[in-house]
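# A look at the structure
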Amino acid sequence: MNNLNINGRDHTVEADPGTPILWVLRDTLGLTGTKFGCGAALCGACTVHLDGQAIRSCITPISAAEGKKISTVEGITDGADRVGAAVHTAWVKHDVAQCGYCQSGQIMSATAFLKSLPRGKQPSAAEIDSAMVGNICRCGTYARIRIAVADAAKTLA
Ligand code: FES
Ligand code: FES
């Protein structure tokens, strides 16, 4: 038995401790907002937060989450998280998504990035690109991602 705190709720999950968080989220708990892309920490589609840090859930075992808090795109965009709400709003406003497949990972990385900044700081385009570099978008929505992250930072200032 493994105890996991996900989006503020405690879950007891029966799975091998080495099971990647991604599989438990999607297959056991039905939280399918987090996507499987490469399975090898190369694309960012599976990004979630572990105690506020963006991590790749496809390679992180549930044993690493014991006693920590996991946040997924479902939790970060439910309106209760100030930064997540600003990112979500900016994503909709700038119509960022194309096919949408990579976007939950993009939103999770953007949210972790903005939370890591000193309050009121407006990141440069280069800083945004550097923070988002691990999230691949096959549709090439990078320009809109950059605009939306900058806009969310402005909202939060
Ligand atoms: S699915 Fe995890 S980084 Fe690609
Ligand atoms: S929106 Fe299609 S892969 Fe990013």
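Quick caveat: nothing in here was measured; it's all calculated off a predicted structure.

The 5 strands lie next to each other as E2-E1-E5-E3-E4, forming an open sheet whose pairing is mixed. For this open sheet the edge positions go to strand E2 (9-13) and strand E4 (53-56), each flanked by a neighbour on one side alone. Taking the axes of each pair of neighbouring strands and ignoring which way they run, one obtains an average angle of 40° across the sheet. The pairing of strand E1 (residues 2-6) with strand E5 (residues 69-71) spans 2 bridges and is classified as parallel. Opposite Asn5, over in E5, you have Lys69 as the bridge partner.

The subject of this paragraph is the nonpolar core. In this structure, Val87, Trp91, Leu114 and Val149 are the most contacted members of the largest nonpolar core, which totals 22 residues. Of all elements in the fold, only helix H2 (73-76), helix H3 (82-93), helix H4 (103-116), helix H5 (125-132) and helix H6 (142-156) reach the threshold of two or more residues within this core. Per-element accounting of this core gives the leading share, 6 residues, to H6. Setting aside residues up to four positions removed in sequence, Val87 forms contacts with Ile107, Ala110, Thr111, Leu114 and Ala152. Among the nonpolar cores identified, the runner-up in size contains 13 residues, and Leu4, Leu25, Leu31 and Val48 belong to it.

Moving on to the pattern of salt bridges. By the definition in use, this model includes 4 salt bridges. Linking Lys115 and Asp81 is a salt bridge whose minimum nitrogen-to-oxygen distance equals 2.5 Å. Taken together, the residues Lys115 in helix H4 and Asp81 in the loop between H2 and H3 connect sequence positions 34 residues apart. Of the charged contacts in the structure, one is a salt bridge between Glu127 and Lys121, with a shortest N-O distance of 3.4 Å. Taking relative accessible area as the criterion, Glu127 reaches 30% and is therefore assigned partly exposed.

Below, the discussion takes up helix H1 (residues 21-28). Within the sequence span of H1, burial applies to Ile21, Leu22, Val24 and Leu25. Those residues of H1 hidden inside the fold are in contact with E1, E2, strand E3 (47-50), E4 and E5. Where H1 terminates, the next one or two residues include Gly30, which has phi positive at roughly 70°.

For the protein chain, the assigned domains read domain 1 (2-73) and domain 2 (76-156). Contacts between domain 1 and domain 2 engage 17 residues on the former and 13 residues on the latter. At the boundary of domain 1 with domain 2, total buried surface from both sides reaches about 1,200 Å², with 54% on carbon and sulfur atoms. On the surface where domain 1 and domain 2 come into contact, there are 0 salt bridges. Linking domain 1 to domain 2 there are 9 residue pairs in polar contact (both at pLDDT 80 or more). In terms of residues, the side of domain 1 that touches domain 2 owes the most to one element, E3, which gives 3 residues. Within the side of domain 1 that touches domain 2, the residues separate by chemical class into 7 nonpolar, 8 polar and 2 charged.

With that settled, the discussion passes to the layout of surface pockets. Size it by volume and the largest pocket reaches roughly 160 Å³. Along the walls of the largest pocket sit Gly37, Cys38, Cys43, Ala45, Cys99, Tyr101, Cys102, Ile136, Cys137, Arg138 and Cys139, which together make up its complete lining. Its residues placed into classes, the lining of the largest pocket shows 9 nonpolar, 1 polar and 1 charged.

What counts and what doesn't
Residues numbered from 1 in each chain as written. Chains lettered and ligands numbered in written order. Predicted model: local features only at pLDDT ≥ 70, side-chain atom pairs only at ≥ 80, totals over all residues. Heavy atoms only, no water. Pairing = 2+ DSSP bridges. Helix = DSSP H or I, 4+ residues; strand = E, 2+ residues; numbered from the N terminus. Axes fitted to C-alpha atoms, helices over the stretch in contact; angles between N-to-C directions. Core = buried A, V, L, I, M, F, W, Y, C linked by side-chain atoms within 4.5 Å. Buried < 20%, exposed > 50% of the residue type's maximum accessible area, 1.4 Å probe, protein only. Contact = heavy atoms within 4.5 Å. Salt bridge = Lys/Arg side-chain N within 4 Å of Asp/Glu carboxyl O. Domains from an automatic or database assignment. Buried area = accessible area lost by both parts, 1.4 Å probe. Polar contact = N/O pair within 3.5 Å; in protein donor to acceptor, adjacent residues only side chain to side chain. Nonpolar A, V, L, I, M, F, W, Y, C, P; charged D, E, K, R; others polar. 1 Å grid on protein atoms, 1.4 Å probe; cavity = no way out; pocket = protein on both sides within 12 Å on 5 of 7 lines; lining within 4 Å. Points joined across faces, edges and corners; volume = space filled by probe spheres on them.

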